[in-house]
Amino acid sequence: MLTFFGERNRLCNSTSRRSFLQIGAAGVGGLTLADLLRLESQAATGSAKKSVINIILSGGPTHLDTFDLKPEAPTEIRGEFKPIATNCPGFEFSELLPKLAQVADKFSVVRSLTGVNEEHTNTQSDTGWSENTLRSIGGHPSIGSVMSKMWGPAQFTAQGSAPTFVDLTNVSRPGFLGQVHGPFVPDGVGRQNLSLNQQVTLNRLDDRKALLAGLTSVRQGVDSRGMMTALDSFTERAVNLITSGEVAKALDLRREDPRLLERYGVEKDQQNQRMILARRLIQAGTRCVSFSWGGWDTHGDNFNNMRKQLPNLDNGLSTLIQDLDAHGLLNDTIILMSGEFGRTPRINGGAGRDHWARAGFFFVGGGGFRHGQAIGSTNRLGEIPATRPIHLQNIFATVYKQLGIDPDTTTLIDPNGRPQYLVDERKLVAELG
């Protein structure tokens, strides 16, 4: 038996999970890594080459102080910041985002968002659905889990092997698709899974593989369907996922140019490591990377909070866009950024803004979309959409379509045997086309 494993860890929902990769014995849910790769072969329906980076702004960011300022509104509404021009005429947003203003032609912002519930979870940004929908069977899957289901849990490139879906901060859930299509979380335990157990040398690994090949050749004589050949292939891929080391390399920022780390502003805000890790993982073959950034539940002291957070987000996100572009990856990488809801137009007595699900923003960058625009608008006080209301699910439908997954025809079978559409609102956002 050959085993690669880490220690036990406990998820925030109190579910105990052992994050280990194992060949020749029971693994997660009784599945070995080779089993997961077999499932990949059975589930895959072909894949486009585009990828996703999903940035979740947990807590609910204020739309009025970021991408939808109202300079003509009364003082108690407009707040303390002014809009600035960008490199795209007519596309203005907060003065705290000057670096993003220089690359505004690389992204779009939906300002007329609808279909959002007042829920303090990441679910809506991750799936397009309320956390209460299909809750009894696990809820709807995240976009990364859908990609894993459609294309398989692992991707294989000329450089090596990589998980289809990586979650850097443990914010995503596979929903009713189950843990087979859950993300790889590269925490301390997860990183151990990317290297050989110290007791297993490469020579010993070669011996085990040779033994497996020998047993396979003996059994193939009585295997009329060629299943042993397939088993050998899947096991070989499982070994390659560990031994190629591409993901481990991607997660090692010591391999990155220190000047680029400085451009990302990693020393000013360690969260910006997630930005550069996302680019490195996409470059290594991962198809979806999700992570959270910041804390945006600004019921009090909203404006000082924005002064602390927005410049660092501006630095990291603008550099991510430029970095992807410099590596030739931006056109094939869709950058999503959203929060749980917007915040109240009227400033409260604590200089804060409270929950407000009737308006908000959704950021879409790269991915071959048409950019350099604000799509839709809210009324003069930023309370409700005034022009071109766009449902949250319409954005997800548009992203799925860009990925090569048709939201009009694609369904996933839930544990009750019922087909479930990826989203109910499937009209595409034409402005992005």
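In the block above lies the structure referred to throughout.
Report on the accompanying structure. Fair warning: this is a prediction, and the values are worked out from it, not measured in the lab.

1. Examining the overall build of the chain
Stage number 1. Secondary structure assignment for the chain yields 13 helices and 23 strands.
Stage number 2. Evaluated residue by residue, the chain yields a buried proportion of 56% over its 433 residues.
Stage number 3. Considering only contacts within the chain whose residues lie at least 6 apart along the sequence, 71% involve residues at least 24 apart.
Stage number 4. Surface accessibility of the chain: about 18400 Å² in total, with carbon and sulfur atoms responsible for 48%.

2. Description of the packing of helix H11 (residues 273-284) against helix H12 (residues 302-326)
Stage number 1. It is at 9 Å that the axes of H11 and H12 come closest, and there the two elements cross at 15 degrees. As judged from the angle between their axes, H11 and H12 are roughly parallel. Crossing of H11 against H12: the hand is right-handed. Along its contact with H11, which presents Met275, Ile276 and Arg279, the element H12 presents Leu313, Gly316, Leu317, Leu320, Asp323 and Leu324.
Stage number 2. Among the residues forming the contact of H11 with H12, the class breakdown is 6 nonpolar, 1 polar and 2 charged.

3. Quick word on the sheet that holds strand S8 (residues 107-110)
Stage number 1. Sheet architecture is open: 7 strands sit in the order S12-S13-S5-S14-S17-S8-S18, paired in mixed fashion. In the strand order of this sheet, the two ends are held by strand S12 (165-167) and strand S18 (373-375), each with one partner. Across this sheet, the average inter-strand angle for adjacent strands is 15 degrees, counted without regard to direction.
Stage number 2. The strands that helix H5 (residues 143-151) touches are strand S5 (51-57), S12, strand S13 (288-292) and strand S14 (333-339); relative to S5, the one it contacts most, it runs at about 160 degrees.
Stage number 3. Across the sheet, H11 touches S5, S12, S13 and S14, and the angle it forms with S13 is around 170 degrees.

4. Some points on the environment of Leu329
Stage number 1. With respect to the element layout, Leu329 can be found in the loop between H12 and S14.
Stage number 2. Measuring from C-alpha to C-alpha, the distance between Leu329 and Ile282 comes to 8.3 Å, with 47 residues separating the pair along the chain.
Stage number 3. In this view, Leu329 contacts Arg279, Gln283 and Leu324; residues no more than four positions away in its chain are not counted.

5. A few points about the packing of aromatic side chains
The description of two aromatic rings rests on the distance between their centres and on the angle between their planes.
Stage number 1. Enumeration over the complete set of coordinates arrives at 10 aromatic pairs.
Stage number 2. When the centroid spacing of 6.1 Å and the interplanar angle of 50 degrees are considered together, the rings of Phe67 and Phe363 count as tilted. With Phe67 in the loop between S5 and helix H2 (75-78) and Phe363 in strand S17 (residues 362-366), the pair connects residues that are 296 residues apart, well separated along the chain. Taken as a pair, Phe67 and Phe363 share a single burial class, namely buried.
Stage number 3. Centre to centre, the rings of Phe107 and Phe363 are 4.6 Å apart; their planes meet at 25 degrees, and the pair counts as stacked. Of the two residues, Phe107 is situated in strand S8 and Phe363 in strand S17; the sequence distance between them amounts to 256 residues.

6. Notes on the nonpolar core
Stage number 1. Ranked by size, the top nonpolar core spans 53 residues in total, and within it Ile55, Phe67, Phe107 and Leu317 carry the most contacts.
Stage number 2. If we ignore the near neighbours within four places in the chain, the residues touching Phe67 are Glu92, Phe93, Leu97, Leu100, Phe107, Val109, Arg111, Met337, Phe361 and Phe363.
Stage number 3. Counting 36 residues, the second largest nonpolar core, distinct from the first, contains Leu113, Trp129, Trp151 and Ile334.

Thresholds applied
- Residues numbered from 1 in each chain as written.
- Predicted model: local features only at pLDDT ≥ 70, side-chain atom pairs only at ≥ 80, totals over all residues.
- Heavy atoms only, no water.
- Helix = DSSP H or I, 4+ residues; strand = E, 2+ residues; numbered from the N terminus.
- Buried < 20%, exposed > 50% of the residue type's maximum accessible area, 1.4 Å probe, protein only.
- Contact = heavy atoms within 4.5 Å.
- Areas by Shrake-Rupley, 256 points an atom, 1.4 Å probe, with all protein chains shown as cover.
- Axes fitted to C-alpha atoms, helices over the stretch in contact; angles between N-to-C directions.
- Parallel < 35°, antiparallel > 145°, perpendicular 65-115°, else oblique.
- Left-handed = near helix turned anticlockwise from the far one by under 90°.
- Nonpolar A, V, L, I, M, F, W, Y, C, P; charged D, E, K, R; others polar.
- Pairing = 2+ DSSP bridges.
- Phe/Tyr/Trp six-rings, centres within 6.5 Å; stacked < 30°, edge-to-face > 60°.
- Core = buried A, V, L, I, M, F, W, Y, C linked by side-chain atoms within 4.5 Å.

Spatial relationships are all this shows, so hold off on functional conclusions.
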